[in-house]
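Per-entry structural report
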Amino acid sequence: MTVTAHTPLAADAVARAAARLRTAVDEGRPVAPVRDLIGEHDLAAAYAVQRELTRRRLADGAVVVGRKIGLTSPAVQRQLGVDQPDFGVLFADMDVSGEAEVPSGRLLQPKAEAEIAFVLKEDLADGDLDAARVRSAVDHAVAALEIVDSRIADWDIRLTDTVADNASSGLFVLADQRVGLDAFEPRETVMRLYADDVPVSEGHGAACLGDPLNALAWLARTALEFGDPLRAGQVVLSGALGPMVPAPPGTRIRAEIGSLGVVTASFSEKRDI
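Bear in mind the structure is a predicted one, so any value in this text is a computation, not a measurement.

1. Comments concerning the overall build of the chain
Along the chain, the regular secondary structure elements total 7 helices and 11 strands. By the compact-globule yardstick of 19 Å for 273 residues, the chain fits well, its C-alpha radius of gyration being 18 Å. Seen through its principal axes, the chain has C-alpha atoms that stretch 50 × 50 × 35 Å. Within the chain, buried positions represent 55% of all 273 residues. Sequence separation of 24 or more characterises 74% of the internal contacts of the chain that already satisfy a separation of 6 or more. When the accessible surface of the chain is split by element, carbon and sulfur atoms take 49% of a total near 11,600 Å². In the chain, which carries 28 positive and 41 negative side-chain charges, the distance between the mean positions of the two groups comes to 2 Å.

2. Observations concerning the pairing of strand S5 (residues 171–174)
Residue alternation in S5 divides its side chains into two sets, Leu171 and Val173 and Phe172 and Leu174, and both sets are buried. Sheet topology places strand S4 (residues 138–148) next to S5; 4 bridges connect them, and they run antiparallel. In the sheet register, Leu145 faces S5, and the bridge partner there is Val173.

3. Concerning the sheet that holds strand S7 (residues 198–204)
Strand order in the open sheet made by the 4 strands is S7-S6-S10-S11, with antiparallel pairing throughout. Since the sheet does not close on itself, it has two edges, and those belong to S7 and strand S11 (262–266), each with one partner. Averaged over all pairs of adjacent strands, the angle between their axes in this sheet comes to 15 degrees, without regard to strand direction. Relative to strand S10 (residues 252–257), strand S6 (residues 190–195) is paired through 5 bridges, and the arrangement is antiparallel. Bridge assignment links Met191 to a residue of S10, and that residue is Ile257.

4. Let's talk about the side chain of Ser150
Residue position: Ser150 is located in the loop between S4 and helix H6 (159–164). A polar contact is formed between the side chain of Ser150 and the backbone nitrogen of Ile152, at a distance of 3.0 Å.

5. Examining the pattern of salt bridges
Within the structure shown, the criterion is met by 21 salt bridges. Residue Arg16 is joined to Asp12 by a salt bridge in which the shortest nitrogen-to-oxygen separation is 3.6 Å. Taken together, the residues Arg16 and Asp12, both in helix H1 (residues 8–27) and 4 residues apart, mark about one turn of the helix. Residue Asp12 is classed as partly exposed on the basis of its relative accessible area, which comes to 39%. Of the charged contacts, one joins Arg22 and Asp60 as a salt bridge, the two residues approaching to 3.0 Å between their closest N and O atoms. Taken as a pair, Arg22 in helix H1 and Asp60 in the loop between helix H3 (43–59) and strand S1 (64–70) lie far apart in primary sequence, 38 residues in all. The exposure class assigned to Asp60 is exposed, which follows from its relative accessible area of 57%.

6. Side note on the pairing of S4
Among the 11 residues that make up S4, 10 are buried, leaving the element largely enclosed by the rest of the structure. Sheet topology places strand S3 (residues 111–120) next to S4; 10 bridges connect them, and they run antiparallel. Residue pairing across strands places Ala117 opposite Val142, the latter belonging to S4.

7. Some remarks on the packing of aromatic side chains
With the rule as written, the count across this model stands at 4 aromatic pairs. Ring geometry for Tyr47 versus Phe87: centroids 4.7 Å apart, planes at 20 degrees, classification stacked. You can see Tyr47 sitting in helix H3 and its partner Phe87 sitting in strand S2 (residues 86–91), a full 40 residues away along the chain. This pair shows no difference in class: Tyr47 is buried, exactly as Phe87 is. Consider the rings of Tyr47 and Phe226, whose centres lie 4.9 Å apart with planes at 65 degrees: the pair is edge-to-face. Of this pair, Tyr47 sits in helix H3 while Phe226 sits in the loop between helix H7 (212–225) and strand S8 (235–240), and the two are 179 residues apart along the sequence. The exposure class of Tyr47 is buried, given its relative accessible area of 7%.

8. What to know about the nonpolar core
In terms of nonpolar packing, the biggest core is built from 86 residues, with Ile38, Val49, Val102, Leu145, Leu216, Leu230 and Ile257 touching the most fellow members. If one sorts the elements of this core by residue count, S4 sits on top with 8 residues.

9. Comments concerning the confidence of the model for the chain
Residues at a pLDDT of 70 or more form 93% of the chain, whose mean pLDDT is 92. Counting contacts from residues 1–5, a segment whose pLDDT is below 50, to residues more than four positions away or on other chains yields 11 contacts.

10. What to know about the side chain of Thr54
Inspection of the secondary structure puts Thr54 in helix H3. On the basis of relative accessible area, Thr54 is assigned to the buried category, the value being 13%. Thr54 has contacts with Val89 and Phe91, leaving out every residue within four places of it along the chain.

Rules used in this analysis
- Residues numbered from 1 in each chain as written.
- Predicted model: local features only at pLDDT ≥ 70, side-chain atom pairs only at ≥ 80, totals over all residues.
- Heavy atoms only, no water.
- Helix = DSSP H or I, 4+ residues; strand = E, 2+ residues; numbered from the N terminus.
- Rg over C-alpha atoms; globule rule 2.2 N^0.38 Å.
- Buried < 20%, exposed > 50% of the residue type's maximum accessible area, 1.4 Å probe, protein only.
- Contact = heavy atoms within 4.5 Å.
- Areas by Shrake-Rupley, 256 points an atom, 1.4 Å probe, with all protein chains shown as cover.
- Lys, Arg positive; Asp, Glu negative; His and termini not counted.
- Charge placed at Lys NZ, Arg CZ, Asp CG, Glu CD.
- Pairing = 2+ DSSP bridges.
- Axes fitted to C-alpha atoms, helices over the stretch in contact; angles between N-to-C directions.
- Polar contact = N/O pair within 3.5 Å; in protein donor to acceptor, adjacent residues only side chain to side chain.
- Salt bridge = Lys/Arg side-chain N within 4 Å of Asp/Glu carboxyl O.
- Phe/Tyr/Trp six-rings, centres within 6.5 Å; stacked < 30°, edge-to-face > 60°.
- Core = buried A, V, L, I, M, F, W, Y, C linked by side-chain atoms within 4.5 Å.
- pLDDT = per-residue confidence, 0-100.

Right under this line is the structure:
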């Protein structure tokens, strides 16, 4: 039987799952999946774990700058054996756009994926959060690389594992070029991803829930349901446009994302922080 996040049993499971994932961060080593504690299908419990880990990060001084949407691409869903999106929290220290190298020492099992990032100019905190409303709330879009990571050993994850683990968030890189939605259509965007100049992944905007703006609308509604709506100024990574690829130390990743241009990331050779 799947327990809910409101029973004493579930509360204990949530606390134990959060402690296990925090151990992975503190000790720099992946841990066993948490689905043995919270089950494979109890999303309430999984998001409760995520919220607890977020609470701890905020208590340590972290600052929220946005959200990420995960599992929007059918290709990525097939890779991970899941069938619906999820979301996680972006913190300021996850943004490594201005660094010469991505610090491999902060990562355990990194993979890279290319996506469209939206920056909001309006809150999405009430009303009918359909695609048209969400579109009007976007200030601009930029090409982005999300460096996904898992605290779960060998990426042995199911939906509740990745949700609990902040949607397998790691770091992210944003390009400098800003493009308004009057200049391009996200769903028509073509993406090509290279690792050390070798083509390794490709896709298009329609692979992201049919349109990255659909993904943004889904997140806006879901975040509001969770009582923590999207706010003006926040960054939203809208979801992968194609399969993610490994990004071990020393790798150089480059993504070409239509009219948004190019975004690159060079991973440091050493894992030492």
